[in-house]
Amino acid sequence: MRPFFEHKTKLMDHFIYHTSLIVTSILNLLLAVFMLWKNNKYRKYKHYYRTRCLTVVWLVAFGIGYLLHAFFQWRYSWATAASALTVSYFHIGALCFSWGYTPLLNPKYLTKKVIVRDLMIFFTGLIIYWTVAIAIPYAPILTIFSFGFFFAYAAYIAFVFYSTYNRITYRIMKMDTGNVIGFIKWMQACCDLIVVFGIGSVGLTAAFPLEIWPYSLLLWAGFGMFSYMVYSVNKYATVIDSTKDVLGH
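Residues numbered from 1 in each chain as written. Predicted model: local features only at pLDDT ≥ 70, side-chain atom pairs only at ≥ 80, totals over all residues. Heavy atoms only, no water.

What to know about the overall build of the chain
- Along the chain, the regular secondary structure elements total 10 helices and 0 strands.
- Helices and strands in the chain line up, N terminus first, as α-α-α-α-α-α-α-α-α-α.
- Considering only residue pairs separated by 6 or more positions, the chain has 78% of its internal contacts joining residues 24 or more positions apart.
- Surface accessibility of the chain: about 12400 Å² in total, with carbon and sulfur atoms responsible for 73%. (Helix = DSSP H or I, 4+ residues; strand = E, 2+ residues; numbered from the N terminus. Contact = heavy atoms within 4.5 Å. Areas by Shrake-Rupley, 256 points an atom, 1.4 Å probe, with all protein chains shown as cover.)

Let's talk about the nonpolar core
- Counting residues in each nonpolar core, the largest one holds 70 residues, and the members touching the most others are Tyr48, Trp58, Phe97, Tyr101 and Phe226.
- Of all elements in the fold, only α1 (2-36), α2 (46-72), α4 (79-100), α5 (102-105), α6 (112-135), α7 (140-175), α8 (178-207) and α9 (213-236) reach the threshold of two or more residues within this core.
- The residues touching Phe97, leaving out its near neighbours within four places in the chain, are Trp58, Thr102, Ile157, Phe161, Cys191, Ile194 and Val195. (Core = buried A, V, L, I, M, F, W, Y, C linked by side-chain atoms within 4.5 Å. Buried < 20%, exposed > 50% of the residue type's maximum accessible area, 1.4 Å probe, protein only.)

Things to note about the packing of aromatic side chains
- Evaluated as defined, the whole model comprises 27 aromatic pairs.
- Aromatic pair Tyr129 and Phe147: ring centres 6.4 Å apart, planes at 85 degrees, arrangement edge-to-face. Here Tyr129, found in helix α6, pairs with Phe147, found in helix α7; they are 18 residues apart in sequence, far enough to count as distant. The same class applies to Tyr129 and to Phe147, which are both buried.
- Between Phe161 and Tyr165 the ring centres are 6.1 Å apart and the planes differ by 25 degrees, which places this aromatic pair in the stacked class. One end of the pair, Phe161, and the other, Tyr165, are both in helix α7, 4 residues apart, so they sit about a helical turn from each other. The pair formed by Phe161 and Tyr165 is uniform in burial state, with each residue classed as buried.
- Each residue in the set Trp58, Phe62, Tyr66, Tyr89, Phe90, Phe97, Tyr101, Phe161, Tyr162, Tyr165, Phe197 and Phe226 is aromatic and connected to the rest through ring pairs, giving one cluster.
- For the cation-ring pair, Arg75 lies above Tyr215, with the distance from its terminal atom to the ring centre recorded as 4.0 Å. (Phe/Tyr/Trp six-rings, centres within 6.5 Å; stacked < 30°, edge-to-face > 60°. Lys NZ or Arg CZ within 6 Å of the ring centre and 35° of its normal.)

What to know about unusual backbone geometry
- Even without a glycine there, the phi angle at Gln73 is positive, about 55 degrees.
- Locating Gln73 in the fold gives a position in the loop between α2 and α3 (74-77).

A look at the pattern of salt bridges
- Applying the stated criterion across every chain, the model contains 1 salt bridge.
- Close ionic contact of Asp118 with Arg117 constitutes a salt bridge, the shortest N to O distance being 2.8 Å.
- Classification of Arg117 as partly exposed rests on a relative accessible area of 26%. (Salt bridge = Lys/Arg side-chain N within 4 Å of Asp/Glu carboxyl O.)

Overview of empty space enclosed by the protein
- Throughout the structure, instances matching the rule amount to 3 cavities of 30 Å³ or more.
- The volume enclosed by the largest cavity comes to roughly 180 Å³.
- Trp58, Ala94, Ile194, Val195 and Gly198 are the residues nearest the centre of the largest cavity, which is lined by 17 residues in total.
- Elements that contribute at least two residues to the lining of the largest cavity include exactly α2, α4, α7, α8 and α9.
- Of the residues forming the lining of the largest cavity, the biggest block, 5 residues, is contributed by α8.
- Residues that form the lining of the largest cavity fall into these classes: 15 nonpolar, 2 polar and no charged.
- Estimates place the volume of the second largest cavity at around 130 Å³.
- Elements that contribute at least two residues to the lining of the second largest cavity include exactly α1, α2, α4, α8 and α9.
- Each residue belonging to the lining of the second largest cavity can be placed in one class, and the counts come to 9 nonpolar, 4 polar and 1 charged. (1 Å grid on protein atoms, 1.4 Å probe; cavity = no way out; pocket = protein on both sides within 12 Å on 5 of 7 lines; lining within 4 Å. Points joined across faces, edges and corners; volume = space filled by probe spheres on them. Nonpolar A, V, L, I, M, F, W, Y, C, P; charged D, E, K, R; others polar.)

Right, dumping it as structure tokens:
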């Protein structure tokens, strides 16, 4: 009887995981459509408009990534490829965070040098992630090491963001600009969620490449994080004129 129940549990885990992939993919793509709705009216705010566009790219990358997981089902047949796919769209998310959110605090941050550097890191990362997957189909230990490249980049951009955040926050607090202080507080909450979810999810992927149930939880946790991220970016529009003078947008 025990093997029967174990088999039934695995089938249920597979059903929940596969369904969660499809549903959260659709929900993320709908969030992207929502972000695109009336997006053009913010074109005059260059940095904010770019953040909205990069958020859309971020959501679409995850939505497509989830659909690819659902279609190929590599989690069952090619674990290293499933992990490589996951870290690939998470790296796209890290790129969007670096280019979209840090410039909201420091409009001078995103230079051509930064763009070239981040693209070189991204393509180097893709080579590392997929070389491990293609060369050795089952290599959980090597997968963990290859993910170290992503963690190093994610830690660096998080450090840059929070360094910028702390410097700008101190300046704004001294100026005592009320509604902008509110923006700073909920922006930190949003970015804290992004950093914890991004690094934590990839860490879980590296640690449990063959398990299924953690990913179902992560998919829904991710949708919650993305929903709050979209809420935060849209909320920024209500104080953008105030921040324009303070932050230089």
